[in-house]
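Coordinate analysis (summary)
Take a look at the letters that make up each chain.
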Amino acid sequence: MRWWDIDPVLELEKDLFPEDAWSRGMFWSELAHSRGPEATRRYVVAEDGGRIVGYAGLASAGELADVQTIAVARDHWGTGLGATLLTELLRAATAFECAEVMLECRIDNIRAQKLYERFGFEAIGFRRGYYQPGNVDALVMRLTTASDSGSAAGSASERGTEING
């Protein structure tokens, strides 16, 4: 993801997360930490026919990574794009040499929870009222990378969609 992707990403963000959409400033702040030798973030977009149809971001700190966001346009649900985006984030976690990847997921987002479980994430707790203003709880999930593989990245494929970092 680059600065010129922020406007189309914001449109998708507002459609998918109307109550708690990220602001332009939040995306700018994250992207400011995604370039150069001291980078601690990785943000990617997925395009289909020149249109951004998904995006995802990861933050790292030491041996811990946190999935900040994953979003897929409604007309691309069920295509495997979420898995492709998550795979890119897990590759980034491996590049950042993270031993664990954490995330929060809305307790009512069963579709996302199933995706994360397929990749080996396990539920480890809750954050009550995490998503505001709706006061929706978050399920906290964790993936511990396999020490024998040295990689957090799973495998997924997506036809017709280009991932750009």
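Described below are features of the structure shown in this document. Values in this document were obtained by computation on a predicted structure and should not be read as measured data.

Another aspect to go through is the layout of surface pockets. Any empty space left between atoms is shown by rolling a water-sized probe over those atoms. Of the volumes computed, that of the largest pocket is approximately 1100 Å³. Elements with a contribution of two residues or more to the lining of the largest pocket: α1 (6-16), β3 (64-72), α3 (81-95), β4 (100-106), α4 (110-118) and β5 (122-131). The biggest single contributor to the lining of the largest pocket is β3, with seven residues.

Attention now goes to the pairing of β5. Pairing of β5 with strand β6 (residues 136-144) involves six bridges; the strand directions are antiparallel. Looking at the pairing, G125 lines up with V140 of β6.

Counted according to the given criterion, the structure contains nine salt bridges. Across the pair R51 and D75 runs a salt bridge whose closest N-O atoms are separated by 3.0 Å. Linking R51 in strand β2 (residues 51-61) with D75 in the loop between β3 and α3, this pair joins segments that are 24 residues apart in sequence. Residue D75 is classed as exposed on the basis of its relative accessible area of 51%. Between D108 and R106 there is a salt bridge, with the nearest N and O atoms lying 3.0 Å from each other. The class of R106 is partly exposed, set by a relative accessible area of 24%.

Cut-offs used in this document
Residues numbered from 1 in each chain as written. Predicted model: local features only at pLDDT ≥ 70, side-chain atom pairs only at ≥ 80, totals over all residues. Heavy atoms only, no water. 1 Å grid on protein atoms, 1.4 Å probe; cavity = no way out; pocket = protein on both sides within 12 Å on 5 of 7 lines; lining within 4 Å. Points joined across faces, edges and corners; volume = space filled by probe spheres on them. Helix = DSSP H or I, 4+ residues; strand = E, 2+ residues; numbered from the N terminus. Pairing = 2+ DSSP bridges. Salt bridge = Lys/Arg side-chain N within 4 Å of Asp/Glu carboxyl O. Buried < 20%, exposed > 50% of the residue type's maximum accessible area, 1.4 Å probe, protein only.

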